[in-house]
Amino acid sequence: MESDRLKSEGSLDLDGFMDVLYVLMKAAWGPEWGVFSMNKPQLTDGRNVVMPQIVYTIPSIKPGMQGSHQELKPRLRERKMEVSPLTGESGWVEIYGRTLDCRINFIVYGQNNREANLFSKRFRQLIDAFKGYLLEKGVQNIWFIEEDDRNLEENSDEQVSSRMVAYLVRIEELTRKELSFIKSITVTADVIYEQLREENTLPSQLNPSL
């Protein structure tokens, strides 16, 4: 029987977290509220840029806490027999998971300070209001860290303002390993290694250390 951890809403990686936030903002603020992206807006002509925008960056990812200890390496969560989507054959699959603590900086851009401040506050209030929904979807936890003005960091002469809202987000990253596929790749890797070694084309052979 499938464990609760691995059900569709049992875990959420960073991409999934951003997808849920994107949908929440559309649902709460309307479909045309602005832009949510990893890409910083091109501000060469601020008059033609849709505002507000929220741009996210991930400056750090560290092992998270599992109980009283940091989870320094992925641990086996489940082992089961499945039909491989790669080969179509039945085989053993292992699911490994690791808890990660991710600092995420959300840069809120607005046409002016008032708009940037307004949407920074609305963004914090959105996460506060729907934290339970995020946990239900699979986020392990989320903590507000800080909010800063960052107007002096923008290299633009345009009328645009920005603020940074930072969160620590704890997620579980799952990795699916097909044992038969891993075995076949390791066998292939050994063959390629011996071939390249005989040809003297391994990186260590082309660039010997002094």
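Residues numbered from 1 in each chain as written. Predicted model: local features only at pLDDT ≥ 70, side-chain atom pairs only at ≥ 80, totals over all residues. Heavy atoms only, no water.

Attention now goes to a nonpolar patch on the surface. Taken together, the side chains of Leu 86, Phe 181, Ile 182 and Ile 185 make up a nonpolar region of the molecular surface, amounting to roughly 370 Å² of accessible area. Positionally, Ile 185 belongs in helix H4 (residues 179-198). By relative accessible area, which is 44% here, Ile 185 ends up partly exposed. (Patch = residues over 30% accessible without salt bridge, like charges linked within 9 Å, V, L, I, M, F, W, Y side chains within 5 Å. Areas by Shrake-Rupley, 256 points an atom, 1.4 Å probe, with all protein chains shown as cover. Salt bridge = Lys/Arg side-chain N within 4 Å of Asp/Glu carboxyl O. Helix = DSSP H or I, 4+ residues; strand = E, 2+ residues; numbered from the N terminus. Buried < 20%, exposed > 50% of the residue type's maximum accessible area, 1.4 Å probe, protein only.)

It is worth spelling out a negative patch on the surface at this point. Residues Asp 13, Asp 15, Asp 19 and Glu 173 make up a contiguous surface patch of negative charge. With respect to the helices and strands, Asp 13 occurs in the segment before helix H1 (14-29). (Lys, Arg positive; Asp, Glu negative; His and termini not counted. Charge placed at Lys NZ, Arg CZ, Asp CG, Glu CD.)

We now examine the packing of aromatic side chains. By convention here, two paired aromatic rings are described through the distance between centres and the angle between planes. Within the structure shown, the criterion is met by nine aromatic pairs. Seen from their ring centres, Phe 106 and Phe 123 are 4.7 Å apart, and the 50 degrees between their planes marks the pair as tilted. Note that Phe 106 is positioned in strand S6 (residues 90-110) and Phe 123 in helix H2 (residues 113-129), a separation of 17 residues in sequence. With a relative accessible area of 0%, Phe 106 lands in the buried category. (Phe/Tyr/Trp six-rings, centres within 6.5 Å; stacked < 30°, edge-to-face > 60°.)

Now for the packing of H1 against H2. Close contact between H1 and H2 brings their axes to 11 Å; oriented N to C, the two are set at 110 degrees. Between H1 and H2, the angle is such that the two are roughly perpendicular. Each of Leu 21, Leu 24, Met 25, Ala 28 and Trp 29 in H1 lies in contact with H2, whose residues at this interface are Phe 119, Arg 122, Phe 123, Leu 126 and Ile 127. A class-by-class count of the residues in the contact of H1 with H2 yields nine nonpolar, no polar and one charged. (Axes fitted to C-alpha atoms, helices over the stretch in contact; angles between N-to-C directions. Parallel < 35°, antiparallel > 145°, perpendicular 65-115°, else oblique. Contact = heavy atoms within 4.5 Å. Nonpolar A, V, L, I, M, F, W, Y, C, P; charged D, E, K, R; others polar.)

Within soluble globular proteins, side chains that are nonpolar generally end up buried alongside one another. Among the nonpolar cores identified, the biggest contains 29 residues, and Phe 17, Leu 21, Phe 106 and Phe 123 are the most heavily contacted of them. Counting residues per element, the ones that place at least two in this core are H1, strand S2 (53-63), S6, H2 and strand S8 (161-178). Broken down by element, this core gets its largest block of residues, eight residues, from H1. Phe 17 has contacts with Leu 12, Ile 104, Phe 106, Leu 134, Val 139, Ile 142 and Val 169, leaving out every residue within four places of it along the chain. (Core = buried A, V, L, I, M, F, W, Y, C linked by side-chain atoms within 4.5 Å.)

What follows covers the side chain of Arg 163. When you line up the elements, Arg 163 lands in strand S8. Residue classification places Arg 163 among the buried residues on the basis of a relative accessible area of 16%. At 3.3 Å, the side chain of Arg 163 and the side chain of Asn 117 are in polar contact. Discounting chain neighbours no more than four positions away, the residues touching Arg 163 are Phe 106, Ile 107, Val 108, Ala 116, Asn 117, Ser 120, Glu 147, Asp 148, Asp 149 and Arg 150. (Polar contact = N/O pair within 3.5 Å; in protein donor to acceptor, adjacent residues only side chain to side chain.)

On average, residues of the protein chain carry a pLDDT of 87, and 88% of them reach 70 or more. In the predicted structure, residues 1-8 sits below a pLDDT of 50 and forms 15 contacts with residues beyond four places in sequence or in another chain. (pLDDT = per-residue confidence, 0-100.)

Moving on, we get to unusual backbone geometry. In this structure, the amide linkage connecting Met 51 to the following residue, Pro 52, adopts the cis form with an omega of 0 degrees. Within the secondary structure, Pro 52 is located in the loop between strand S1 (35-37) and S2. We note that Asn 200 has phi near 55 degrees; this positive angle belongs to a residue other than glycine. Looking at the element boundaries, Asn 200 is found in the loop between H4 and helix H5 (203-206).

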